[in-house]
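# Structure at a glance
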Amino acid sequence: MADPAQLIQKIRATLTPCSLGGWPTPLEGVPALARAIGVAELTLKREDRASAWYGGNKVRGLEFLFAGAPPGTVFVTLGGSGSTHCLATAMHASAAAGRAVLAQFPQPETPASRAVASACQAHATLVVHARARASLPLAVLEAWRRARALGPRRWIPGGGAHPRAVVGHLLAGLELASQVASPPDTIVLPLGTGGTAAGLALAVTTLGWPTRVVGVRVAPVIVANRWRTMWLAYRAARLLARRGIRIPHPASRFPLAVVEGVGKGYGHPTADGEEASRLASGHGLVLDPTYGAKAFAFLMRRATRNVQRVVFWHTFAVPVLQPEHAP
């Protein structure tokens, strides 16, 4: 296996992503929280600190999805009204000398989703609102049409679920090699559109680790499922192979387990998630009800059975409504 740091450099030099974040993100031990949930070791991969402008796990993918865009590009994407992907796209578009147009469907209101929705409205050039999830395709068409008058357009898939973005999350997983003394038993994260989980599973395979990646499903099964995540990982590996960078991708031993966590539906808080959020907040960890709280609830339910050394992928960054300066 190639040295992980050298592989990261080679991938960046080959695909030439733009620069939006600060890497590596910290890996922090939280021994008191580990004791509270009954595991021997718990560390947090602080993707929420990916950028002082606006962090979260979506920044990594956007570096690759924005790459090569000419100045003035209008990035068009979609998501829920509380979508952190939409917000990350809106807030980082200016770093690529562009603008963002969003098509959004309504999701259950929580303090976190309202804050994200307000920030989206403040930072996007245009937000087209669907009245219901079923009418989202019409909102997407309207957003794409209206973006045409603003400049050259580039489509960004919902959630950033694209092979190029998966490569960004592969790099995140490779970072762990220099941050841990030995491979963790498990990496736990929320599973939405699958890009982050796909990249982490590729990284575990590339590193030759016995680690299991657990994706806690927080979105409808048609979007958040093992097959789709494997397909994204396969496409990312093919993308790299076409550029002379070969990494292993054994489909038969793909190290991803998907567990249920969505509850009533996307964006709906769950009782387990609320309990997880209360416990985590007592230890200084802010979890959002749509993603992080549901994923952390898995640890509270199951960790003591067969998981003792855990990395929790912390993906939520608190929105900034009035930033002091642009990136």
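For the structure, check the block above.
Residues numbered from 1 in each chain as written. Predicted model: local features only at pLDDT ≥ 70, side-chain atom pairs only at ≥ 80, totals over all residues. Heavy atoms only, no water.

### Regarding the sheet that holds strand E2 (residues 41-46)
Two orientations exist for strands paired in a sheet by backbone hydrogen bonds: parallel and antiparallel. On the basis of which strands lie adjacent, the open sheet formed by six strands has the order E1-E2-E10-E7-E8-E9 and mixed pairing. The open sheet terminates on both sides in strands that have one partner only, identified here as strand E1 (27-29) and strand E9 (256-260). On average, each strand axis in the sheet is tilted by 25° relative to the strand beside it, whichever way the strands run. With six bridges connecting them, strand E7 (residues 186-191) and strand E8 (residues 212-217) associate as parallel partners. Bridging from a neighbouring strand, Thr 186 pairs with Arg 212 of E8. Where helix H8 (residues 195-207) meets the sheet, it contacts E7, E8, E9 and strand E10 (309-314), and its direction lies at approximately 160° from that of E7. (Pairing = 2+ DSSP bridges. Helix = DSSP H or I, 4+ residues; strand = E, 2+ residues; numbered from the N terminus. Axes fitted to C-alpha atoms, helices over the stretch in contact; angles between N-to-C directions. Contact = heavy atoms within 4.5 Å.)

### Describing the packing of helix H7 (residues 163-175) against H8
Closest axis-to-axis distance for the H7/H8 pair is 7 Å, and the angle between their directions is 50°. The angle between H7 and H8 falls in the class oblique. Considering the relative orientation of H7 and H8, their crossing is right-handed. Contacts between H7 and H8 involve Val 166, His 169, Leu 170, Gly 173 and Leu 174 from the former and Gly 195, Thr 196, Ala 198, Gly 199, Leu 200, Leu 202, Ala 203, Thr 206 and Leu 207 from the latter. Considering only residue class, the contact of H7 with H8 consists of eight nonpolar, six polar and no charged. (Parallel < 35°, antiparallel > 145°, perpendicular 65-115°, else oblique. Left-handed = near helix turned anticlockwise from the far one by under 90°. Nonpolar A, V, L, I, M, F, W, Y, C, P; charged D, E, K, R; others polar.)

### Notes on the packing of aromatic side chains
Given two aromatic rings, one states the distance between the centres and the angle between the planes to describe the pair. Evaluated as defined, the whole model comprises five aromatic pairs. Seen from their ring centres, Phe 66 and Phe 75 are 4.0 Å apart, and the 20° between their planes marks the pair as stacked. The buried category is assigned to Phe 66, whose relative accessible area is 2%. Classification of Phe 75 by relative accessible area gives buried; the value is 0%. Taken together, the ring pairs connect Phe 105, Tyr 266 and Tyr 291 into an aromatic cluster. (Phe/Tyr/Trp six-rings, centres within 6.5 Å; stacked < 30°, edge-to-face > 60°. Buried < 20%, exposed > 50% of the residue type's maximum accessible area, 1.4 Å probe, protein only.)

### Some details on the environment of Val 74
Within the element layout of this structure, Val 74 appears in strand E3 (residues 74-80). Classification of Val 74 as buried rests on a relative accessible area of 0%. Through-space distance from the C-alpha of Val 74 to that of Gly 98 is 5.7 Å; in sequence the pair is 24 residues apart.

### Remarks on the state of the cysteines
Here the structure, examined in full by the defined rule, presents zero disulfides. For the unlinked cysteine Cys 18, the closest cysteine sulfur is that of Cys 86, found at 18 Å. A relative accessible area of 21% means that Cys 18 is categorised as partly exposed. No disulfide involves Cys 86; its nearest neighbouring cysteine sulfur is the one of Cys 120, lying 5.5 Å away. (Disulfide = S-S within 2.5 Å.)

### Observations concerning the pairing of E7
The two faces of a sheet get side chains in turn, since along a regular strand they alternate between them. Burial analysis of E7 places six of its six residues in the buried class, the great majority of the element. Taken together, E7, H8 and E8 constitute a β-α-β crossover, and its handedness is right-handed. Sheet topology note: the E7/E10 ladder contains three bridges and is parallel. Across the sheet, residue Ile 187 finds its bridge partner in E10, namely Val 311. (Right-handed = clockwise from strand over helix to strand, strands pointing away.)

### Quick word on the sheet that holds strand E4 (residues 99-105)
Ordered in space as E5-E4-E3-E6, the four strands form an open sheet in which the pairing is parallel. Bordering the open sheet on either side are strand E5 (126-129) and strand E6 (153-155), each of which pairs with just one other strand. Strand after strand, the sheet turns through a mean of 25° between neighbouring axes, direction not considered. Note that E4 and E5 share four bridges and pair parallel. Each bridged residue has a counterpart across the sheet, and for Leu 102 the counterpart in E5 is Val 127. Contacts between helix H4 (residues 84-92) and the sheet are confined to E3 and E4, with E3 contributing the most and set at about 160° to the helix.

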